[in-house]
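Breakdown of the fold
Below, each chain spelled out in residue letters.
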Amino acid sequence: QVQLVESGGGLVQAGGSLRLSCAASGRTFSSYTMGWFRQAPGKEREFVAAISWGGGYTNYADFVKGRFTISRDNAKNTLSLQMNSLKPEDTAVYYCAAVWGRTTVPREGKEYDYWGQGTQVTVSA
């Protein structure tokens, strides 16, 4: 089992940047495929990005390509999401998620077994 805690959210103006972090504890972090999801008020949760256990494969939602970068540091048990050129429509609660022992980088939330509590990102116009 793994425990996930997100941090780094906040209020930023459109065009600004934020870096989200997800600290993991428990079983070996490097064995988990990791993902970021988000949920805006009144909307369903949606996939943002995912990264393989070794960091060699990534997967991004079309709406964040070129703006967001997912990365991980297995030595520090940390997942990150660098968000640049933020837009008001990026406003949401952002969640990190984990699934153990996968060779793919799933985009479906149902594929992930562990979730953090979320961190709020608000982008003002």
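See the structure printed just above.
Conventions and cut-offs
- Residues numbered from 1 in each chain as written.
- Predicted model: local features only at pLDDT ≥ 70, side-chain atom pairs only at ≥ 80, totals over all residues.
- Heavy atoms only, no water.
- Salt bridge = Lys/Arg side-chain N within 4 Å of Asp/Glu carboxyl O.
- Buried < 20%, exposed > 50% of the residue type's maximum accessible area, 1.4 Å probe, protein only.
- Core = buried A, V, L, I, M, F, W, Y, C linked by side-chain atoms within 4.5 Å.
- Helix = DSSP H or I, 4+ residues; strand = E, 2+ residues; numbered from the N terminus.
- Disulfide = S-S within 2.5 Å.
- Contact = heavy atoms within 4.5 Å.

Per the counting criterion, the structure on display carries five salt bridges. As a salt-bridge pair, Glu46 and Arg38 come within 2.6 Å of each other at their nearest N and O atoms. Here Arg38 falls in the buried class, since its relative accessible area comes to 5%. Asp90 is the partner of Arg38 in a salt bridge, and the nearest nitrogen-oxygen pair spans 2.9 Å.

This part takes up the nonpolar core. Looking at soluble globular proteins, one finds that nonpolar side chains tend to be buried together. Counting residues in hydrophobic clusters, the biggest one holds 37 residues, and the most contacted among them are Met34, Trp36, Leu79, Leu81, Met83 and Tyr94. At the level of elements, β1 (2–7), β3 (18–26), β4 (32–39), β5 (46–51), β7 (68–73), β8 (78–83), β9 (92–100) and β11 (119–124) are the ones that each hand at least two residues to this core. No other element matches β9, which puts six residues into this core.

Okay, the state of the cysteines next. In the structure shown here, the tally under the stated rule is one disulfide. Here Cys22 is linked by a disulfide to Cys96, with a sulfur-sulfur distance of 2.0 Å. An S-S torsion of about 50 degrees defines the bridge between Cys22 and Cys96 as right-handed. Note that Cys22 is positioned in strand β3 and Cys96 in strand β9, a separation of 74 residues in sequence. This pair shows no difference in class: Cys22 is buried, exactly as Cys96 is.

Here we come to the side chain of Ser52. By secondary structure assignment, the location of Ser52 is in the loop between β5 and β6 (58–60). When its relative accessible area of 7% is taken as the criterion, Ser52 is described as buried. When residues no more than four places from it in sequence are discounted, the contact partners of Ser52 are Tyr32, Thr33, Tyr57, Arg72 and Val105.

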